Structure formats: C-alpha cells, structure tokens
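# A closer look at the structure
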Amino acid sequence: MTGHDDRALIRAMPAVFVLIWSTGFIVARYGMPHAPPMKFLVVRYALSILCFLPWIGLAGVSWPRTRVQWLHLAVTGVLMHAIYLGGVWAAVKAGMGSGLSALIVGLQPVLTAIWLSATGGRVAARQWTGLVLGFVGLVMVVSRKFGQGGEANWLNMSLAVAALLSITLGTLYQKRFVTRCDVRTANVVQLGAAFMATLPLALMEVEAMDWNAELCWAMAWSVLALTLGGSSLLYLLIQRGAATTVTSLMYLVPPATALMAWLLFAEPISALTIAGTALTAVGVSLVVRQPRAA
C-alpha cells in the first residue's frame, strides 16, 4: 500500500467509526429484549477475544512488553468496555429510550473539553464554538424522542451517567497513559479486563439468554462490527488525534442512528432532525479542522 493510500485510509477512519458506532443502538433494539445486558456483554467479550487471538497468531504481532502497559490497558478496558457498555446496555434494558441515552452519552465532548481546559489543556475558541453548536444540534436531533418511551428514573439515569463518565475518563486516560502498541493485542487485554469485571454481575442475573435469530444477529454484529471494528478504530483514533477532536465525533452518532432507524424501522425524520444534523456537522467540522499555517 502506498503512502497516498495510507493517508486516504486514515482520513476515512473517522467516518467509518461514526457509521459503525452508530449501529450500537440498533443492535440494542434487536438484542436486549432477548437477553440480560451483562450476560450478553460477557459472551460478546469472550467471542471477541476468540476472534482476535488467531488474528494475532497469524500476524505474529507483539504483546505489550511491560506490566505497566498491561495495567493501563486493563484500566481502559474496564472504563471503555465494562462500565461504558454495561451502563448503556443496562439503561436500555431498564427502559431508557435511545434518544435520551444518546443525548446523555453525547455530552462526552463537552466533559472532555471542560476537563482539558480545567487542567491546562488548550481548547481553542473555535473548538468551543464547535462543541456548543454540536451539542445544540444533538439536542435538536433527539428532542422528538423524549416522549417516545424515553422515560427516565433514578436507576437508568444513574446507569447512563455512569457510562458517560466512564467513556470520558477512559478516553482521557488512554490518551495520557497508554503507549502505542498493536491494536489487536491491546484490544485483547482490554476485553479480558472487561470480561473479568463483568462476569460477577452476569452470574447474578436471573434472566436466561433466548438464542433466537434476532439475538444471534445482534451478537454477531456486536462482536464483528462493534468490537473488532468500532473499538479498534476508536483505539487508533485516540492514539492518533487529540482527545477533544476524537470525542467530538460522538456528536455524529445520534444523527447517524436516526438515519439508520429511518431506513430499518421506518421511523420518521422531521425537519428538526435534518436541521440538527446539519448543525452538528458544522460543529464537528469546527472542532476537527486543522488551523491554517501562518
């Protein structure tokens, strides 16, 4: 592959990531009626590891070399897989609608920017403007869903907020402490830590998994697309880009999810959704655009 091809692939990574990550709510709609969240996730982590291991063996890639590297990857695995996914999927199972859960998790770019600003990191005025526009557009996109099964209670709100805090902290932690290593071995370490953290909760769930066609489809997509594809892309994007830039991509997930729901489930897209999507796109472009050289 030529250098030009490499650059084109890198430029395409954010769009592919948003497309894959946006399917998470669609998968939840298919899978959660047929399985408890923690059991589903434990199986997902285990199958994902089983997919990565032969790939690692055939490619002959190296594993993290120090215990410190393993520890940092394990911490990010618990934060960005076990707590984040556990919180989101448990909130959906508890009755939270996709609009409200997307809105709560969509606050991640704002939290990241606030944290970086408070700790001395540089967030330009243009990026702050983009973050505000992106958030306003996000609210416009999901606002019509608040009355459609998106009722909140202290339980599912707590789960969703825990997921928000976890993915934010995990992103910042990975950017700060995780050194560059192969994405496949890094994923196995992260997934192994998430599996160990989630397993005790899964064993406490009474509900059994109903292995019908919808659940099998949801599991296959979760493993092959969301974990092997989406999580790997997120790891690479965090390693390559600034934390504010990477997390701003999360603003595009709810609009993309709304489009998929329209295509798959014939959910209507209003003028407000279209306007919010456009505003979100403008906001994200302000965040990710590189400043011109003087």
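Our subject in this report is the structure included herewith. Model, not experiment: these values are computed from the prediction.

So, on to the packing of helix α2 (residues 23–31) against helix α4 (residues 67–93). The geometry of α2 relative to α4 is characterised by a closest axis approach of 10 Å and an angle of 45° between their N-to-C directions. The pairing of α2 with α4 is recorded here as oblique in orientation. Here α2 runs over α4; the crossing is right-handed. When α2 is examined against α4, the residues G24, F25, V27 and A28 are found in contact with a partner set consisting of V88, W89 and V92. Tallied by class, the residues present in the contact of α2 with α4 amount to six nonpolar, one polar and no charged.

On to the side chain of T23. Inspection of the secondary structure puts T23 in helix α2. A polar atom in the side chain of T23 sits 2.8 Å from the side chain of W221. In contact with T23, other than residues within four places in its own chain, are W221, L226 and M260.

One pass over the structure, following the stated rule, counts two salt bridges. Here E207 ties to K93 by a salt bridge, and the two come within 3.3 Å at their closest N and O atoms. Taken together, the positions of E207 in the loop between α9 (183–204) and α10 (213–240) and K93 in helix α4 put the pair 114 residues apart, joining distant regions of the chain. For R184, the salt bridge is made with D182, and the minimal N-O distance between the two is 2.7 Å. The class for R184 is buried, based on a relative accessible area of 16%.

A complete count under the given rule lists six aromatic pairs for this structure. Centroid distance Y30 to W217: 4.7 Å. Interplanar angle 55°. Geometry classified as tilted. Note that Y30 is positioned in helix α2 and W217 in helix α10, a separation of 187 residues in sequence. Between Y173 and F177 the ring centres are 4.7 Å apart and the planes differ by 45°, which places this aromatic pair in the tilted class. Of this pair, Y173 and F177 both sit in helix α8 (residues 154–177), four residues apart, roughly one helical turn. Of the aromatic side chains, those joined through ring pairs into one cluster are Y30, W217 and W221. One cation-aromatic arrangement involves R176 over F177; the distance from NZ or CZ to the ring centre is 4.8 Å.

Rules behind the numbers
Residues numbered from 1 in each chain as written. Predicted model: local features only at pLDDT ≥ 70, side-chain atom pairs only at ≥ 80, totals over all residues. Heavy atoms only, no water. Axes fitted to C-alpha atoms, helices over the stretch in contact; angles between N-to-C directions. Helix = DSSP H or I, 4+ residues; strand = E, 2+ residues; numbered from the N terminus. Parallel < 35°, antiparallel > 145°, perpendicular 65-115°, else oblique. Left-handed = near helix turned anticlockwise from the far one by under 90°. Contact = heavy atoms within 4.5 Å. Nonpolar A, V, L, I, M, F, W, Y, C, P; charged D, E, K, R; others polar. Polar contact = N/O pair within 3.5 Å; in protein donor to acceptor, adjacent residues only side chain to side chain. Salt bridge = Lys/Arg side-chain N within 4 Å of Asp/Glu carboxyl O. Buried < 20%, exposed > 50% of the residue type's maximum accessible area, 1.4 Å probe, protein only. Phe/Tyr/Trp six-rings, centres within 6.5 Å; stacked < 30°, edge-to-face > 60°. Lys NZ or Arg CZ within 6 Å of the ring centre and 35° of its normal.

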